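# Chain and residue survey
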Amino acid sequence: MQLTVTALLGLVAAANAHGIVTSPATRTPGKATEAVCGKTMVDFYQADNTSYPEALFRAHPTLGSDYNPAKCNLYLCRGYQFGDNTANVQSYKTGDVVDMSVFIRIPHKGYANVSVVDTTTNSVIGTPLISWPDNYAATLNPPANQTKFSVTIPALGDRCTTAGTCVLQWYWLGQGQTYESCVDFTTPKSMSMKLFKA
Ligand SMILES: [Cu+2]
């Protein structure tokens, strides 16, 4: 889903939006997320898709019995589930350059990066593709290369051939607030060497 300018302005007007990746399309909260994270969480993020878990817990110290922390990690893709983003799975291959755009409304000087994350283990594959050690979003209009930048898809073997397993995760930790946006993608299966044997 592409955020239209109108939708973006709506978000700005409605809430304390802080930050979100606007391109490529990222996971959004829907039915699949509600099934494991619960209705309170989904309502919260549907009201402001750019909010953050610390604010969620401030507003809702307990999330209700339909929140399943074993299946809903609020610090991985904000808890948003692959099932809500199956229409937006990108196809990348090693060496592809991916242009990303980020919307920052309120500056919070901090750390940020973009990594390939294996969502089944919540682990970063390799090292971050880009990172800002300590000066991310320090000002209201951050340097252009903090909101428009490219990352290059690394060699991933066959770890990202199944949709839902791998995401490009933008991660921003600013003044104790955690922001994440996830782009679902797959890479093609490598050809088995057996094919080439006589
Ligand atoms: Cu804030």
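Residues numbered from 1 in each chain as written. Predicted model: local features only at pLDDT ≥ 70, side-chain atom pairs only at ≥ 80, totals over all residues. Heavy atoms only, no water.

Where an unreviewed UniProt entry is consulted, the protein appears under the name Chitin-binding type-4 domain-containing protein, with the organism given as Sporothrix bragantina. For the record of the protein, the UniProt heading Sequence similarities (unreviewed entry) holds the text "Belongs to the polysaccharide monooxygenase AA13 family." As stated in UniProt under Cofactor (unreviewed entry), the record for the protein gives "Cu(2+)". (UniProt positions renumbered as here; feature names shortened; annotations may be inferred.)

## Side note on the overall build of the protein
Helices and strands together make up the secondary structure of the protein, namely five helices and nine strands. Starting at the N terminus and walking to the C terminus, you meet the elements of the protein as α-β-α-α-α-β-β-β-β-β-α-β-β-β. When the accessible surface of the protein is summed, it comes to about 9800 Å², and 56% of that surface belongs to carbon and sulfur atoms. (Helix = DSSP H or I, 4+ residues; strand = E, 2+ residues; numbered from the N terminus. Areas by Shrake-Rupley, 256 points an atom, 1.4 Å probe, with all protein chains shown as cover.)

## Observations regarding the sheet that holds strand β7 (residues 148-152)
Read across the sheet, three strands follow the order β1-β3-β7 without closing on themselves; strand pairing throughout is antiparallel. The open sheet has two edge strands with one neighbour each: β1 (19-23) and β7. Pairs of neighbouring strands in the sheet enclose a mean axial angle of 40°, with direction left out of account. (Pairing = 2+ DSSP bridges. Axes fitted to C-alpha atoms, helices over the stretch in contact; angles between N-to-C directions.)

## Let's talk about the pairing of strand β3 (residues 97-104)
Burial analysis of β3 places six of its eight residues in the buried class, which makes it a mostly covered element. When β1 meets β3, the two strands line up antiparallel, connected through four bridges. If you follow Gly19 over to β3, its bridge partner there is Ile104. Relative to β7, β3 runs antiparallel, the two sharing five bridges. Residue pairing across strands places Val98 opposite Val151, the latter belonging to β7. (Buried < 20%, exposed > 50% of the residue type's maximum accessible area, 1.4 Å probe, protein only.)

## Here's the deal with the nonpolar core
Judged by nonpolar contacts, the single largest core of 38 residues is most densely connected at Met41, Tyr136, Leu168 and Trp170. With sequence-adjacent residues up to four places away left out, Trp170 is seen in contact with Gly19, Ile20, Val21, Val102, Ile104, Asn113, Val114, Tyr136, Phe149, Tyr179, Glu180 and Ser181. Membership of the second largest hydrophobic core comes to five residues, among which are Leu76, Val117, Val167 and Cys182. (Core = buried A, V, L, I, M, F, W, Y, C linked by side-chain atoms within 4.5 Å. Contact = heavy atoms within 4.5 Å.)

## A look at the state of the cysteines
Following the criterion strictly, the structure yields three disulfides and no others. What pairs with Cys77 in a disulfide is Cys182, and their sulfur atoms sit 2.0 Å apart. Sign of the S-S torsion, about -90° for the bond between Cys77 and Cys182, identifies this disulfide as left-handed. Taken together, the residues Cys77 in the loop between α4 (53-59) and β2 (90-91) and Cys182 in strand β9 (residues 177-186) connect sequence positions 105 residues apart. Owing to a relative accessible area of 2%, Cys77 belongs among the buried residues under this scheme. Of the residues examined, Cys182 reaches a relative accessible area of 1% and is grouped as buried. The side chain of Cys160 participates in a disulfide bridge whose partner is Cys166; the two sulfur atoms lie 2.1 Å from each other. Disulfide Cys160-Cys166: torsion about the S-S bond near -70°, hence left-handed. Taking the relative accessible area as the measure of exposure, Cys160 reaches 0% and is therefore buried. Here the cysteine-cysteine linkages of the protein are recorded as 1-2, 3-6, 4-5, numbering only bonded cysteines and doing so in sequence order. (Disulfide = S-S within 2.5 Å.)

## Some points on helix α3 (residues 39-47)
Along α3, the residues classified as buried are Met41, Val42, Phe44 and Tyr45. Down the axis of α3, the smallest arc covering the buried residues is 160°, so these residues share one side. Looking at the buried positions of α3, the neighbouring elements they touch are α2 (31-37) and α4. (Arc of directions from axis to C-beta.)

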